[in-house]
Amino acid sequence: MEPAEGDSRRDCWTVAFGDTYSQQDRCICAGYDNGDIKLFDLRTMSTRWEHNLKNGLCCVEFDRKDIKMNKLVATTLESKFHVFDMRTQHPTKGFASLSEKAHKSTIWAARHLPQNRDIFMTTGGNGSLCLWKYSYPADRSTKDSDDIEQGVIGSVSQLQNVTLTTQPISCFSWNADKEGLAVCTSFDQTVRVLIVTKLKTV
């Protein structure tokens, strides 16, 4: 998939698979340097949704890629990340979302905990890590004034934060077998192995 002839071509900085709950359904979410975020349906080879977040996107990740779309986290330059509720798409308003400021620098990545998709870690350009928890609203959808269903976004709360280095943390990965075990890399040429405790109590 590529822009049509005559359309402007932007640098794509990040991609993620999602909505892969059957043999036929597949989606790719892509983030661009100009703040565009686009959702492509690979079954129909079409653009399902697009939006602009005003800052270049460093990372997009679904909370799970092998289920029907549930949540998407997108991180950007200028200290912001966005959470989208992907269950209900309004024909004009798109997906319900929230934005949160963190790290006081570029947010390089977001990674969901494999054992609990409502907990995720973000990594900052200032060498910090922030642990977040997403809480669902009482109702995930409602009807607008035209009786069309639209999504309702929940809230995020910060559980913990720590500064590990003075350099950007560019990559983070949770262990799928051992809850809380993780590894990260940063621009100071260091690989760090981390353990996050008490995740079952949040």
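A quick note: this is a predicted structure, and the numbers were derived from the prediction, not measured.

What follows is about the overall build of the protein chain. For the protein chain, the count of helices and strands is zero helices and 17 strands. By principal-axis analysis of the C-alpha atoms, the protein chain measures approximately 50 × 45 × 35 Å. Counting every position in the protein chain, which comprises 202 residues, the buried fraction comes to 44%. In the protein chain, the proportion of contacts linking residues at least 24 apart, taken out of those at least 6 apart, comes to 44%. When the 25 basic and 25 acidic side-chain charges of the protein chain are each reduced to a single mean position, those positions are 6 Å apart.

The next subject is the pairing of strand β2 (residues 27–32). Extensive coverage of β2 is indicated by the burial of five of its six residues. Here strand β1 (residues 12–18) pairs with β2 via six bridges, running antiparallel. Bridging from a neighbouring strand, T14 pairs with G31 of β2. Taken together, β2 and the strand that follows it, strand β3 (residues 36–41), pair antiparallel across an intervening segment of three residues, in which G35 is found at a positive phi of about 95°.

Moving on: the pattern of salt bridges. Taken as a whole, this structure holds 12 salt bridges when the rule is applied. Between R111 and E61 there is a salt bridge; the shortest N-O distance is 3.6 Å. With R111 in strand β9 (residues 107–113) and E61 in strand β5 (residues 57–62), this residue pair connects regions lying 50 residues apart in the sequence. For the salt bridge of D188 with R192, the shortest nitrogen-to-oxygen distance reads 3.0 Å. Judged by its relative accessible area of 27%, D188 is partly exposed. Among the charged side chains, a salt-bridge network with shared partners connects D63, K71, R117 and D118.

For T165, the location among the structural elements is in the loop between β14 (155–163) and β15 (169–174). Among the polar contacts listed, one links the side chain of T165 to the side chain of D188, at a separation of 2.8 Å. Apart from residues lying up to four places away in sequence, T165 is in contact with N126, G127, S186, D188 and R192.

Here we come to the sheet that holds strand β11 (residues 128–135). The strand order across the open sheet built from four strands is β9-β10-β11-β14, with neighbouring strands paired in antiparallel fashion. Since the sheet does not close on itself, it has two edges, and those belong to β9 and β14, each with one partner. Between one strand and the next, the sheet's axes are offset by a mean angle of 25°, whatever the strand orientation. Summarising the sheet, β9 and strand β10 (residues 116–124) pair through six bridges and their orientation is antiparallel.

Moving on, we come to the environment of L164. Within the secondary structure, L164 is located in the loop between β14 and β15. By relative accessible area, L164 is classed as partly exposed at 27%. Along the primary structure L164 and M69 are separated by 95 residues, whereas in three dimensions their C-alpha atoms are 33 Å apart. Apart from residues no more than four positions distant in its own chain, L164 is found in contact with G127, L129, I169, C184, R192 and L194.

What follows is about the sheet that holds strand β8 (residues 94–101). Spatially, the four strands line up as an open sheet ordered β5-β6-β7-β8, and their pairing is antiparallel. The two strands at the open ends of the sheet, each matched to only one other strand, are β5 and β8. Between one strand axis and the next, the sheet turns by 20° as a mean value, whatever way the strands run.

The rules we used
Residues numbered from 1 in each chain as written. Predicted model: local features only at pLDDT ≥ 70, side-chain atom pairs only at ≥ 80, totals over all residues. Heavy atoms only, no water. Helix = DSSP H or I, 4+ residues; strand = E, 2+ residues; numbered from the N terminus. Buried < 20%, exposed > 50% of the residue type's maximum accessible area, 1.4 Å probe, protein only. Contact = heavy atoms within 4.5 Å. Lys, Arg positive; Asp, Glu negative; His and termini not counted. Charge placed at Lys NZ, Arg CZ, Asp CG, Glu CD. Pairing = 2+ DSSP bridges. Salt bridge = Lys/Arg side-chain N within 4 Å of Asp/Glu carboxyl O. Polar contact = N/O pair within 3.5 Å; in protein donor to acceptor, adjacent residues only side chain to side chain. Axes fitted to C-alpha atoms, helices over the stretch in contact; angles between N-to-C directions.

On their own, these measurements won't tell you what the molecule is for.
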